[in-house]
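# Structure at a glance
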Amino acid sequence: MTTGYFTSVDEVAVRLAEAGYLASPAVATTVFLADRLGKPLLVEGPAGVGKTELAKAVAQVAGARLIRLQCYEGVDESRALYEWNHAKQLLRITAGRDESWDETRTDIFSEEFLLSRPLLTAIRGTEPKVLLIDETDKADVEVEGLLLEVLSDFQVTVPELGTISAERRPFVVLTSNASRELSEALRRRCLFLHIGFPEEELERRIVRMRVPGLDEVLADAVVRVVGALRAMDLRKVPSVAETIDWARTLLALGVGTLDETVVRDSLGVVLKHQDDVLKAAAKLDLDAV
Amino acid sequence: MRALPDPGAPAAEEAGAEGAAAAETRAVETRAEGVTGRLTGLVRALRSHGLRIGPGETVDAAAALEALGLADRERVREGLAAALLHQESQRAVFDPVFELYFPLGRGVSAQEGGAEPDREALRERLVAALAADDQALLGRLAREAVDGFGGYGSAQGSDGWSSHQTLSRLRPETLLARVLAALRAGATGAPEGAAAFTDRLEPDEIRRRIEGFRERVRTEARRRVAERRGTEEIARRAVATSADRVDFLLAGRAQLDELRRAVYPLARKLATRLAARRRRAAHGSIDLRRTLRGSLSTGGVPMRPVLRRRRPARPELVLLCDVSGSVAGFANFTMLLVQALHDQFSKVRVFAFVNRADEVTGLLARGSADPAGLGARILGEAAVTGWHGSSDYGTSLCEFAERHLDAVGPRTTVFVLGDARTNMSDPNLPALRQIAGRARRVYWLNPEQRAQWSTGDSAAYAYAELVEMHECRNARQLGELIARLLPV
């Protein structure tokens, strides 16, 4: 049942940190459980908090191959699961003109003519794999039905070949931005993890790890200002990605300390709406922008 | 389910012997009934709050407990949340219930001696803890505070524990200046520039920390009461319902704020759902005439059915909202929601009334930058009140029918929002009939529960005979109604 990549919660945290992903206790615990119980992990949260990064980091520490299914409106069975290679089948039929129908039929519906898409790829083979189903909420409801069989039993049914079961379970991560309510049936099959904005201390460590050249006092100040921005009622609150961008910007500008001028000039890196910039400037007592 | 090891007995002993030390441990405290009973109790309590948790999830949660062990309470919390919850919004219900079923230590600490403890000393230590933002110490202080100031009854805590009493005696909110001073004194090492800018953030940061401490005190008091009266009783009563189930008419300021933050996510969800409905509706029925014409080329056999094409028409929406004090929260929320959905419609016009009707579409469009002040701006800038401030549906409907009826056409769907309480004046049914006659559909959303319709001065059923009236008491119902009723 288990994917067996980790033996304890602490190990998860330590190894993910080595791969450059600092996990909060909630993240480490849930990843460990998903690994131990062999259940898919549904990750929700605002954009830019590292949902996709988490899957990549797990793949890296487990030495597993990362298979990614990017969902979009209109993604279907032939993009997600498998497809018959029609062109090749036609060539095969033309090549074997004098064969009997029975011979041809059994031959063209064999593995050789099967184009395997991410979901099927993740199930076949014995090498360790991490399956990332990104932005699940963008896909249509029908695709969810398709995922149910794969995620609960880790098997895929191809009518011509029969049922293919996983020889080794992949570690599955689904991400969602909650732009559509995922169905209850899908949620039930997953462990649920919400990644929110990190605690101040964790975010400070993230900034230090990602932007090593930045002065520590400055990094502290950056994190605190972002924390204050998040407490405001903004249209788009800054995420961890924005914090890191801002830290990088300050590093590139060669800024030594955070003062009014610097914040005023670089606030656009963190806030993406003019309304927000004006509001934040007013709340932070900056002079007219 | 496999039987889980039950560490309840030894842990409880420890708590009884040295309560103060038990507060230090991070381990989960369990009673004699065992972990399995605890878990099913937790699940039952969550279900009674409207969370849908099946036995499959409960088994998962038990497996999670087995994998994690009970040594670290925060991990147990996160593990159970991962297995039992499906949405982030459920977390607000889960956390307090978890606190009750898997409490951090039990009983009352041993140091309590009946004498009133030193309030100033405790405040002094609280200042230091808040300045250092020391979570463990803050938790310990919350316990001490409830010990010292929260008990009521003849002997200390004999009848119960009150967070309200604790907080009003300790008054942590008055410590802001002292915490600030402590921080300033400690932070002399930082370079001048950085300190100068981030200083202005400090008051807000400390206010958040103080609010966190108050929440700890509330949790601690709730836990002690739960011990006294039985966990299930308290779990049912004392945990606040999630924001989208709170009655609009009963919602406090904080809950309305929370609702307002939910407007954009909800609007995005509704927009996706509407778009899907439109896509489906665009696949129309078979156009028989054109199918038969097309079949001539295949000898009269209709090989390719031709579908009737729909002209893409974006519907128009008119909102008529009662913004008088009693229902203002409901009206404002709905207005913001409709405004956020405006790109789904060719035209959205919003009218507000108390006893006169006036258009507020412009105010609303500009108001998206400052949703909190919307209600005040409408009352201040639009002519919604005449001589007095109480609502009058008859006059308002009449004025709307006279002055703004051109806003309603055969493609318009009208939503009327209000409790239909006319203050004993004439409900003016002909005016509503006139509006209903011109519009494609008219719906009335009433934030009162159905049992109260047409009681007192409410004319709900009189209006309901003319137009479809729906009960719409909370954000969840509103979301469902909007998804169903909005024109495609």
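Residues numbered from 1 in each chain as written. Chains lettered and ligands numbered in written order. Predicted model: local features only at pLDDT ≥ 70, side-chain atom pairs only at ≥ 80, totals over all residues.

Attention now goes to the overall build of chain B. Each helix and strand counted, chain B has 23 helices and 8 strands in total. Partitioning the intrachain contacts of chain B with sequence separation of at least 6 by distance along the chain shows that 73% fall at a separation of at least 24. (Helix = DSSP H or I, 4+ residues; strand = E, 2+ residues; numbered from the N terminus. Contact = placed C-beta atoms within 7 Å.)

Assigned secondary structure in chain A consists of 14 helices and 9 strands. Taken against the 2.2 N^0.38 rule, which gives 19 Å for 289 residues, the C-alpha radius of gyration of chain A at 24 Å runs more than 25% over that of a compact globule. Principal axes of the C-alpha set define a box for chain A whose edges measure 85 × 40 × 35 Å. With 289 residues in all, chain A has 37% of them scored as buried. In chain A, once contacts between residues fewer than 6 apart in sequence are set aside, the share between residues at least 24 apart is 76%. (Rg over C-alpha atoms; globule rule 2.2 N^0.38 Å. Buried ≥ 20, exposed ≤ 12 C-beta atoms within 10 Å, placed from the backbone.)

Moving on, we come to the sheet that holds strand β4 (residues 347–353) of chain B. Residue and element names in this part refer to chain B. What the 6 strands build is an open sheet, ordered β5-β4-β3-β6-β7-β8; its pairing is mixed. Each of the sheet's edge strands pairs with one partner strand only, and the pair in question is β5 (357–359) and β8 (468–471). Averaged over neighbouring strand pairs, the angle between their axes works out to 20 degrees when direction is ignored. Both strand β3 (residues 316–322) and β4 contribute to a ladder of 7 bridges, which runs parallel. Note that in β4 the partner of E316 across the bridge is K347. (Pairing = 2+ DSSP bridges. Axes fitted to C-alpha atoms, helices over the stretch in contact; angles between N-to-C directions.)

It is worth spelling out the domain arrangement of chain A at this point. Along its sequence, chain A is organised into domain 1 (9–78 + 118–194), domain 2 (82–116) and domain 3 (200–283). When each unit is reduced to the centre of its C-alpha atoms, the spacing between domain 2 of chain A and domain 3 of chain A is 59 Å. (Domains from an automatic or database assignment.)

All names here are of chain B. Despite not being glycine, N423 shows a phi value in the positive range, around 55 degrees. Of note in the backbone geometry, S454 takes a positive phi value of approximately 60 degrees without being a glycine. With respect to the helices and strands, S454 occurs in the loop between β7 (441–446) and α22 (460–466). Note on S454: 15 C-beta atoms within 10 Å, which makes it partly exposed.

Take the pairing of strand β9 (residues 191–194) of chain A next. Remark: a regular strand shows side chains that alternate across the two faces of the sheet. All names here are of chain A. Residues L191 and L193 point to one face of β9 and F192 and H194 to the other, with burial holding for every one of them. Sheet topology note: the strand β1 (residues 41–44)/β9 ladder contains 4 bridges and is parallel. For V43, the partnering residue across the bridge sits in β9 and is L193.

Moving on: the packing of helix α20 (residues 393–403) of chain B against helix α21 (residues 429–438) of chain B. Residues and elements named next belong to chain B. Contact geometry of α20 with α21 gives a least axis separation of 8 Å together with a crossing angle of 40 degrees. The angle between α20 and α21 places the two elements in the oblique class. The crossing of α20 and α21 is left-handed. Two secondary-structure elements touch here, α20 through L397, C398 and A401 and α21 through A431, L432, Q434 and I435. By residue class, the composition of the contact of α20 with α21 is 6 nonpolar, 1 polar and no charged. (Parallel < 35°, antiparallel > 145°, perpendicular 65-115°, else oblique. Left-handed = near helix turned anticlockwise from the far one by under 90°. Nonpolar A, V, L, I, M, F, W, Y, C, P; charged D, E, K, R; others polar.)

Let us now look at the interface of chain B and chain A. Many structure descriptions define interface size as the accessible area lost when the parts assemble. In this complex, chain B contributes 35 residues to the contact, which on the side of chain A involves 35 residues. Sorting the residues of the side of chain B that touches chain A by element identifies α4 (55–68), α5 (73–84), α11 (192–198), α12 (202–229) and α15 (263–282) of chain B as the ones contributing at least two each. With 7 residues, α4 of chain B is the single largest residue contributor to the side of chain B that touches chain A. Here the side of chain B that touches chain A is built from residues that sort into 16 nonpolar, 7 polar and 12 charged.

Within helix α23 (residues 475–485) of chain B, burial applies to A475, L478, G479 and I482 of chain B. Relative to the axis of α23 of chain B, the buried residues are bounded by an arc of 100 degrees and lie together on one face. (Arc of directions from axis to C-beta.)

Bringing the confidence of the model for chain B into the picture now. Residues of chain B with pLDDT of at least 70 account for 80%, and the chain-wide mean is 77. Scored below 50 in pLDDT, residues 110–114 of chain B makes 7 contacts in the model with residues more than four places away or belonging to other chains. (pLDDT = per-residue confidence, 0-100.)

It is worth spelling out the nonpolar core at this point. Core analysis: the biggest nonpolar cluster contains 126 residues, and L41, V58, L191 and V222 of chain A together with A64 of chain B have the highest contact counts within it. Per-element accounting of this core gives the leading share, 8 residues, to helix α11 (residues 216–231) of chain A. Ignoring sequence-local partners within four residues, the contact set of A64 of chain B consists of L33 and L37 of chain A together with G79, L80, A82 and A83 of chain B. Core analysis: the next-biggest nonpolar cluster, separate from the first, contains 61 residues, F330, L374, I435 and W444 of chain B among them. (Core = buried A, V, L, I, M, F, W, Y, C linked by C-beta atoms within 7 Å.)

Turning our attention to the sheet that holds strand β8 (residues 171–176) of chain A. Residues and elements named next belong to chain A. One open sheet holds the 5 strands; their spatial order is β2-β5-β8-β1-β9, and the pairing between them is parallel. What marks the edges here is a single partner per strand, and that holds for β2 (65–70) and β9. Ignoring which end each strand starts from, the neighbouring axes of this sheet average 20 degrees apart. Helix α2 (residues 25–37) rests against β1, β8 and β9 of the sheet, and its axis sits at about 160 degrees to β9.

Inspection of the secondary structure assignment puts G456 of chain B in the loop between β7 and α22. G456 of chain B gets classed as exposed once you count the C-beta atoms within 10 Å, which come to 8.

Below, the discussion takes up the environment of R228 of chain B. Residues and elements named next belong to chain B. In this fold, R228 is placed in helix α12. By C-beta crowding, R228 is classed as partly exposed, having 13 other C-beta atoms within 10 Å. Residues R228 and P427 lie 199 residues apart in sequence; the distance between their C-alpha atoms is 53 Å.

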